[in-house]
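Commentary on secondary and tertiary structure
Okay, here's what each chain looks like letter by letter:
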Amino acid sequence: MGTPGAGAAEAGLVQVDYRKYDGALHWNLRMRRLGEDEHGVWLGLPAGGVTRKGHGPAVELPEAHVLLFPRAAWWTATFNAAPRSTEIYCDVTTPPQWPAPDEVTMVDLDLDVLLRRSAPGPVLVDEDEFAEHRVRYGYPADVVSAAQESAQWLMDEIAAARGPFCGVHQEWLAMVDGGGA
C-alpha cells in the first residue's frame with residue numbers, strides 16, 4: 001500500500017484508516033473521493049479494489065462499494081453493490097477525523113448495524129466484541145453511551161429508510177460501479 005496518503009491528493013484518493021481503541025491499525029484502504037452532500041463525504045472503490053486488516057495482506061473486494069463519512073456522528077456506512085448479500089454495513093465509530101484532505105481516521109467501536117438484501121430489517125451485531133473490548137480497552141462511560149445511542153439510531157434510521165439510508169447511495173455507487181470513477 002505504500003506510505004499512507006503519499007500521492008493521494010494528486011490522484012483524488014483518500015487514505016481510510018479504521019483503528020482500534022488502543023490505536024492499533026484495523027481496516028485500512030485507499031478510496032476515490034466522490035463528493036459531499038448533506039449526509040457527509042462519500043468515497044468509492046470499484047469492484048476488485050483492495051483493503052487490509054492491520055498490516056496484513058491485501059483482501060480483494062469483488063463488488064464495488066461506497067463509504068459515507070458523516071460530520072460529527074459516531075458511525076460510518078458502507079453501501080455495497082449487488083450481488084453482495086450485505087447491502088448496508090455500518091460501523092459504530094468515534095466521529096471521523098480528517099487530519100488532511102486525503103486522510104480520514106476513526107476508532108472502530110465494534111458494534112455494527114447491517115442490512116442484508118434478503119432481510120426485512122437491520123440487525124445489530126458484535127455486541128459480544130463490544131462488551132469484551134469495553135473492558136479490555138477501558139472505554140469511558142461517555143464513549144459507551146455514544147456507541148450504544150449511535151447503534152440504536154442506525155437501527156431506527158435504516159429500518160425506516162430515512163436520511164442516507166433511503167437509497168441516496170445509489171447515485172454515488174453508480175459513479176464507481178458503472179465505471180465512472
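This is a predicted model, so every value here is computed, not measured.

Right, let's get into unusual backbone geometry. A cis amide bond, omega 15°, links Ala82 with the succeeding residue Pro83. Among the structural elements, Pro83 can be located in the loop between strand S7 (75-80) and strand S8 (86-93). Located in the positive-phi region is Asp126, a residue other than glycine, with phi close to 70°. Among the secondary structure elements, Asp126 is positioned in the loop between strand S11 (123-125) and helix H2 (127-136). One non-glycine residue, Ala161, lies in the positive phi region at around 55°. When you line up the elements, Ala161 lands in the loop between helix H3 (141-160) and helix H4 (169-177).

Bringing H3 into the picture now. Between its first and last C-alpha atoms H3 spans 29 Å; for 20 residues at 1.5 Å apiece the expected length is 28 Å, and the two agree. In the segment just after H3, Ala161 is the residue with positive phi, at about 55°.

Moving on, we come to the nonpolar core. Counting residues in each nonpolar core, the largest one holds 31 residues, and the members touching the most others are Val66, Phe79, Cys90 and Phe165. Breaking this core down by element, the ones donating at least two residues are strand S6 (65-69), S7, S8, strand S10 (103-116), H3 and H4. Here this core takes six residues from H3, the largest share from any one element. Excluding its chain neighbours within four sequence positions, the residues that come into contact with Phe165 are Trp75, Ala77, Phe79, Ile88, Cys90, Trp153, Leu154, Glu157 and Ile158.

Attention now moves to the pattern of salt bridges. Summed over all chains, the structure comprises eight salt bridges. A salt bridge links Glu36 to Arg71, with the shortest nitrogen-to-oxygen separation between them at 3.0 Å. Separated by 35 residues along the polypeptide, Glu36 in strand S2 (residues 25-37) and Arg71 in the loop between S6 and S7 bring together distant segments of the chain. Assessed through its relative accessible area of 49%, Glu36 is described here as partly exposed. Overall, Arg71 belongs to the partly exposed group, its relative accessible area being 47%. In this structure, Arg162 and Glu157 form a salt bridge, with 2.9 Å as the shortest nitrogen-oxygen distance. Note on Arg162: relative accessible area 40%, which makes it partly exposed. Taking the relative accessible area as the measure of exposure, Glu157 reaches 12% and is therefore buried. The network of salt bridges with common partners includes Lys20, Asp108, Asp110 and Glu129.

Let us now look at the state of the cysteines. With the rule as written, the count across this model stands at zero disulfides. Cys90 takes part in no disulfide bond, and the closest cysteine sulfur, belonging to Cys166, lies 13 Å away. Exposure remark for Cys90: the relative accessible area of 0% places this residue in the buried category.

With 92% of its residues at a pLDDT of 70 or more, the protein chain has an overall mean of 92. Here residues 1-10 is modelled with pLDDT under 50, and outside its nearest four sequence neighbours on either side it reaches 15 contacts, counting other chains as well.

Considering all chains together, one arrives at ten aromatic pairs under this definition. A centroid spacing of 5.6 Å and a plane angle of 35° characterise the contact between Trp42 and Phe79, whose relative ring orientation is tilted. Note that Trp42 is positioned in strand S3 (residues 40-45) and Phe79 in strand S7, a separation of 37 residues in sequence. Overall, the relative accessible area of 0% leaves Trp42 in the buried class. Three or more aromatic residues joined by ring pairs make a cluster, and in this case those are Trp42, Trp75, Phe79, Trp153, Phe165 and Trp172. Across the ring face of Tyr137, the terminal group of Arg136 is positioned such that the distance to the ring centre comes to 5.7 Å.

How each quantity is defined
Residues numbered from 1 in each chain as written. Predicted model: local features only at pLDDT ≥ 70, side-chain atom pairs only at ≥ 80, totals over all residues. Heavy atoms only, no water. Helix = DSSP H or I, 4+ residues; strand = E, 2+ residues; numbered from the N terminus. Expected span 1.5 Å × (residues − 1). Core = buried A, V, L, I, M, F, W, Y, C linked by side-chain atoms within 4.5 Å. Buried < 20%, exposed > 50% of the residue type's maximum accessible area, 1.4 Å probe, protein only. Contact = heavy atoms within 4.5 Å. Salt bridge = Lys/Arg side-chain N within 4 Å of Asp/Glu carboxyl O. Disulfide = S-S within 2.5 Å. pLDDT = per-residue confidence, 0-100. Phe/Tyr/Trp six-rings, centres within 6.5 Å; stacked < 30°, edge-to-face > 60°. Lys NZ or Arg CZ within 6 Å of the ring centre and 35° of its normal.

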